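Each chain is listed here by its residues.
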Amino acid sequence: MKAGAASLAAGILGGTGVLLFLIAFGTDYWLLATDTCGVFEHGNSTLSTGGAGTPTEAGKEMLTFHHEGFFWRCWFFGKGHPESIWTFWYTSQAHPKFCMHGYLFPMPIAVGPFPHPSYDTTAVYRGFWTAFILLAVAAGLVGGFLLVCGVPFSSPHSYKVGGGFLLLSGGLFLLLVFLFVMWKEFAADFQKYILLERSERCLDDVPVRVYYGWSFMFAAAGVPLVLLSGLLFFLVGRDIMDSLQ
């Protein structure tokens, strides 16, 4: 009875946590940023001032909103929109919105046909982020599959192995969150990273404001749930094995 209640609690926690991980992986709101450099025309990597004489004049009337994740990097322009993270919410985004593939996020991505000449020295460090998020999602899915198959038969090996995969997934996502915070707070030069190919056309003092996005928050919220679920499943599996001996 105790094992059954623990398994139910672990299943609810693990299912919720893995769902949060999948949402964080599949959505493109890990990083949110705004700048006032001007309108960046999609496809030709040029800065449009909309009739203003300088980028500064254009920046007074037009904000550029950036958001990105593992699959996509997007930006849109918000004339008259408040500079708030709530402007990034789906129903609040201005149109049109432009996106490009970002499978190697958060590697430096140049918005245009050719790479930007300035190479980000944190690229290798942040490349591990890409590998870890793939491993973490795969471990969570494998652990969930083993537990779905093992719970109906009260298989102690499935409990222990599935719990181990959930612990691995939670540990990797914990490392991902830590790496992301380190990258955002200490490693990245966002003046260069966000503006990229517009950096030659923008003034040095153009403000770039960066925020943690919804995807990051989902991942951080899922970590304790998955770790606790994995630990519970592992302990239940060990308890069942002890009772069978």
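Source: prediction; values computed, not measured.

Asker: Any chance you could break down the sheet that holds strand E7 (residues 208–212) for me, citing the residues and the numbers?
Answerer: Two modes of strand pairing occur in sheets, parallel and antiparallel, and in both the strands are linked by backbone hydrogen bonds. With antiparallel pairing, the five strands of this open sheet are ordered in space as E6-E5-E4-E1-E7. Every other strand in the sheet has two partners, leaving strand E6 (97–101) and E7 as the edge strands with one partner each. Geometrically, the sheet is characterised by an average inter-axis angle of 15° between neighbouring strands, direction not taken into account. For strand E4 (residues 64–68) and strand E5 (residues 72–77), the ladder comprises five bridges, and the chain directions are antiparallel.

Asker: Break down the pattern of salt bridges for me, with residues and values.
Answerer: For side chains bearing opposite charge, pairing can occur when the charged atoms are close. Under the defined criterion, the tally for this structure stands at two salt bridges. In this structure, the salt-bridge partner of Arg 73 is Glu 68, at a minimum N-O distance of 3.5 Å. The residues Arg 73 and Glu 68 share a single accessibility class, namely buried. The residue Lys 184 makes a salt bridge to Glu 185 at a minimum N-O spacing of 3.3 Å. Judged by its relative accessible area of 13%, Lys 184 is buried.

Conventions adopted
- Residue indices follow the written sequence of each chain, beginning from 1 at its first position.
- pLDDT decides what is reported in this predicted model: residues at 70 or higher carry local features, side-chain atom pairs at 80 or more are listed and counted, and totals for whole chains, interfaces and linings draw on all residues regardless.
- As a rule here, side-chain values cover all heavy atoms of the structure and leave hydrogens and water aside.
- Two strands pair under a simple rule: DSSP has to find at least two bridges between them.
- Working definition: helices are DSSP H or I runs of at least four residues, strands are E runs of at least two. Numbering for both runs from the N terminus.
- Whenever a helix is involved, its axis is fitted only over the stretch in contact; in every case the axis is a line through C-alpha atoms, and angles between N-to-C directions fall within 0 to 180 degrees.
- One side-chain nitrogen of Lys or Arg within 4 Å of one carboxyl oxygen of Asp or Glu is enough to make a salt bridge.
- Burial classes: relative accessible area under 20% of the type maximum marks a residue as buried, over 50% as exposed, and values in between as partly exposed (1.4 Å probe, protein chains only).

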